[in-house]
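Chains, contacts and geometry: an overview
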Amino acid sequence: MLSLFDGISCGQVALERAGIEVENYYASEIDKHAISITQKNYPFTIQLGDVKNWREWKLPKIDLIMAGSPCTYWTIAKNYRAKQKKETEPIGEGWDLFKQFYNTVTALKPTYFLFENNHRISKNIIDAITKHLGVSPILIDSSTVSAQKRKRLYWTNIPNITQPIDKGLLIKDIYEYDENLIKKDIRIFDTAVITDNYIKYDLSYKGHYSQQDRLYFLDGKAPTVPKSRTETKVNILISRDDISTYKKISPVEAERLQTLPDNYTYGLPKTRRFEAIGNGWTVDVIVHILRFMKH
Ligand SMILES: C[S@@+](CC[C@H](N)C(=O)[O-])C[C@H]1O[C@@H](n2cnc3c(N)ncnc32)[C@H](O)[C@@H]1O
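Every chain's residues receive numbers from 1 upward, in the order its sequence appears when written. Local features in this predicted model are restricted to residues whose pLDDT is 70 or higher, and side-chain atom pairs enter the listing and the counts only when it is 80 or higher, whereas totals over whole chains, interfaces and linings include all residues. Side-chain measures were taken over the full set of non-hydrogen atoms in the model, leaving aside hydrogen atoms and water.

Spelled out, the test is: UniProt positions are given in the numbering used here, feature names are shortened, and annotations may be inferred rather than shown by experiment.
As recorded in an unreviewed UniProt entry, the chain goes by the name DNA (cytosine-5-)-methyltransferase, listed as coming from Candidatus Enterococcus murrayae. Per its UniProt entry, the chain bears the Sequence similarities (unreviewed entry) comment "Belongs to the class I-like SAM-binding methyltransferase superfamily. C5-methyltransferase family."

Listed below in structure tokens is the structure:
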């Protein structure tokens, strides 16, 4: 197996969970924090470093290449205010990284490939990836297999993939009470608006309703675990009887939202854990896809 942009090796967790035996797991990753998590959990991972050096790698026959290249250059957020210029054409750094994946697939000719990316990227880039890989993307929302909404596109030559059956998981299924993470803010009462999935409030009092000022219901779904190095974005309302009291999400809850084992990222500072988890794959979506491989 060859995993490019391996992050914290969610692909390796998925292979193990799918019961697929791996002889050698080669990983290309450059972030030392992500690598440390991988090596803690899978000490036999062979780290290859920067994907741009792939021509120098000495590899045996590869059966599967997996990759989720950084979407930073491409993702156009819903309420995106053009702060950072995003690439909308198949040129630039984001495309160059995709091309590293494409080039390894072309050169190494694995039996199977899997490429993942955010669904909020420009149609031109989606079409260009589709043209290069010769397969159409499948949109899968992680909410089918986890308590988290997370829509992602998957391009693969693994055949006949269907949508996962919805497991009906909700925040209450991954919730863990922790006194130290409880917050109270009576200002929430002033501007609270109840929606289907959360209560939003506006601490600016100017109608901004910042995305992080939301309290998610225990019997609802969590938003996409963000890759940002903060711990404030996913807040859980503990009881509908008191909307001023909520709990911040813990790293273990974030791991559960990504269907990772509890404490998979233990050992790193909390904010680094959130970043690594938010950057990763929802393991059980990958398990679902890999089960369609003939092996
Ligand atoms: C979206 S994350 C992928 C996470 C991964 N799928 C997982 O399950 O953890 C993209 C990763 O690509 C890595 N990356 C960026 N540039 C790279 C390069 N030139 N070579 C190898 N990895 C790179 C980043 O450090 C980041 O961990």
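That covers the picture; the talk isn't over yet.
Observations concerning the UniProt feature "active site" (unreviewed entry) in the chain
The condition is simple: Put simply, DSSP H or I for four residues or longer makes a helix, DSSP E for two residues or longer makes a strand, and each gets a number counted from the N terminus. Residue contacts are defined here by distance: any two heavy atoms, one from each residue, within 4.5 Å place the two residues in contact.
Taken from the UniProt record, the annotation "active site" (unreviewed entry) applies to Cys-71. One can find Cys-71 in the loop between strand E4 (64–68) and helix H3 (93–108). In contact with Cys-71, other than residues within four places in its own chain, are Asn-117, Asn-118 and Lys-227.

Notes on the environment of Asp-219
Relative to the elements of secondary structure, Asp-219 occurs in the loop between strand E11 (214–216) and strand E12 (235–237). Along the backbone, Asp-219 and Asp-173 are 46 residues apart, and their C-alpha atoms lie at a distance of 8.7 Å.

Notes on the pairing of strand E5 (residues 112–118)
Our working rule: Summary of the burial criterion: residues with accessible area below 20% of their type's maximum are buried, those above 50% are exposed, and those between are partly exposed, where the area comes from a 1.4 Å probe applied to protein chains only. Whether two strands pair depends on DSSP finding at least two bridges between them.
Among the 7 residues that make up E5, 7 are buried, leaving the element largely enclosed by the rest of the structure. Looking at chain direction, E4 and E5 are connected through 5 bridges and run parallel. When the sheet's bridge partners are listed, Met-66 is paired in E5 with Leu-114. As judged from the 5 bridges shared by E5 and strand E7 (residues 151–156), these two strands associate in the antiparallel manner. Counted as the bridge partner of Glu-116 is Tyr-154 from E7.

A look at the side chain of Asn-118
Heads up, the rule is: Pairs of N or O atoms within 3.5 Å make up the polar contacts considered here, provided that, within protein, one atom can donate a hydrogen while the other can accept it, and that residues adjacent in sequence are counted only when both atoms are side-chain atoms.
If you trace the backbone, Asn-118 turns up in strand E5. Looking at Asn-118, its side chain comes within polar contact range of the main-chain nitrogen of Arg-120, at 2.8 Å. Excluding residues within four positions of it along the chain, Asn-118 makes contact with Cys-71, Thr-75, Arg-152 and Leu-153.

Focus on the site of the ligand
To keep things clear, this is the line we draw: What makes a residue near a molecule or strand is one non-hydrogen atom of that residue sitting within 4 Å of it. We get accessible surface area from the Shrake-Rupley algorithm with a probe of 1.4 Å; when it comes to residues, only the shown protein chains can shield them. Gly counts as polar in this scheme, as do all residues outside two lists: the nonpolar Ala, Val, Leu, Ile, Met, Phe, Trp, Tyr, Cys and Pro, and the charged Asp, Glu, Lys and Arg.
Taken together, the neighbourhood of the ligand is formed by 17 residues, with Ile-8, Cys-10, Glu-29, Asp-50 and Val-51 sitting nearest. Residue Glu-29 places a side-chain N or O atom 2.5 Å away from an oxygen atom belonging to the ligand. Trp-281 has a polar backbone atom sitting 3.3 Å from an oxygen atom of the ligand. Across the complex, the protein chains shield 89% of the 610 Å² of accessible surface that the ligand would expose by itself. Of the residues in the shell around the ligand, the class split is 8 nonpolar, 5 polar and 4 charged.

What about the sheet that holds E7?
Definition in use: With axes taken as lines fitted to C-alpha atoms, and helix axes fitted only over the stretch in contact, angles between N-to-C directions fall between 0 and 180 degrees.
As summarised here, the arrangement of the 7 strands in space is E3-E2-E1-E4-E5-E7-E6, forming an open sheet in which the pairing is mixed. Two strands in the sheet have a free side with no partner beyond their single neighbour: strand E3 (46–47) and strand E6 (138–141). By the bridge criterion, 3 bridges tie strand E1 (residues 2–4) to strand E2 (residues 26–28) in an arrangement that is parallel. Looking at E2, one finds that Leu-2 is bridged to Tyr-26. Sitting on the sheet, helix H9 (residues 283–290) is in contact with E4, E5, E6 and E7, with an inclination near 30 degrees to E7.

A closer look at the sheet that holds strand E9 (residues 193–194)
Across the sheet, which stays open at both edges, the 6 strands sit in the order E8-E13-E12-E11-E10-E9 with mixed pairing between neighbours. The open sheet is flanked by strand E8 (182–184) and E9, the only strands paired with a single partner. Pairing between E12 and strand E13 (residues 245–248): 3 bridges, direction antiparallel. Pairing of Leu-237 across the sheet is with Tyr-246, part of E13.

Quick look at the packing of aromatic side chains
Put simply, the test is: When the centres of two rings from Phe, Tyr and Trp lie within 6.5 Å, Trp using its six-membered ring, the rings pair. Their planes under 30 degrees apart give stacked, over 60 give edge-to-face, and anything left gives tilted. The rule is short: NZ of Lys or CZ of Arg within 6 Å of the ring centre and within 35 degrees of the ring normal puts a charge over the ring.
Summed over the entire model, instances satisfying the criterion amount to 8 aromatic pairs. Positioned above the aromatic ring of Tyr-209 is the side chain of Lys-200, whose terminal nitrogen or guanidinium carbon lies 4.9 Å from the ring centre.

Some details on the domain arrangement of the chain
Heads up, the rule is: Boundaries between domains were set according to an automatic or database domain assignment. By buried area we mean the combined loss of accessible area, with a 1.4 Å probe, across both parts when two parts are placed together. Salt bridges are defined by distance alone: a side-chain nitrogen of Lys or Arg within 4 Å of a carboxyl oxygen of Asp or Glu.
One can read the domain layout of the chain as domain 1 (2–167 + 259–290) and domain 2 (171–255). Between the C-alpha centres of domain 1 and domain 2 the distance comes to 28 Å. Each partner contributes residues to the interface: domain 1 has 27 residues there, and domain 2 has 22 residues. Buried area between domain 1 and domain 2, summed over both chains or domains, comes out near 2,100 Å², and the portion from carbon and sulfur atoms is 53%. Three residues stand out in domain 1 for area buried against domain 2, namely Ala-147, Lys-149 and Phe-274, and they jointly supply 31% of the buried area on that side. The tally of links between domain 1 and domain 2 comes to 1 salt bridge. The salt bridge involving Glu-255 is made with Arg-273; its shortest N-O contact spans 3.0 Å. Broken down by element, the residue count for the side of domain 1 that touches domain 2 peaks at 9 residues, all from helix H8 (residues 270–279). In the side of domain 1 that touches domain 2, the residues fall into 8 nonpolar, 11 polar and 8 charged.

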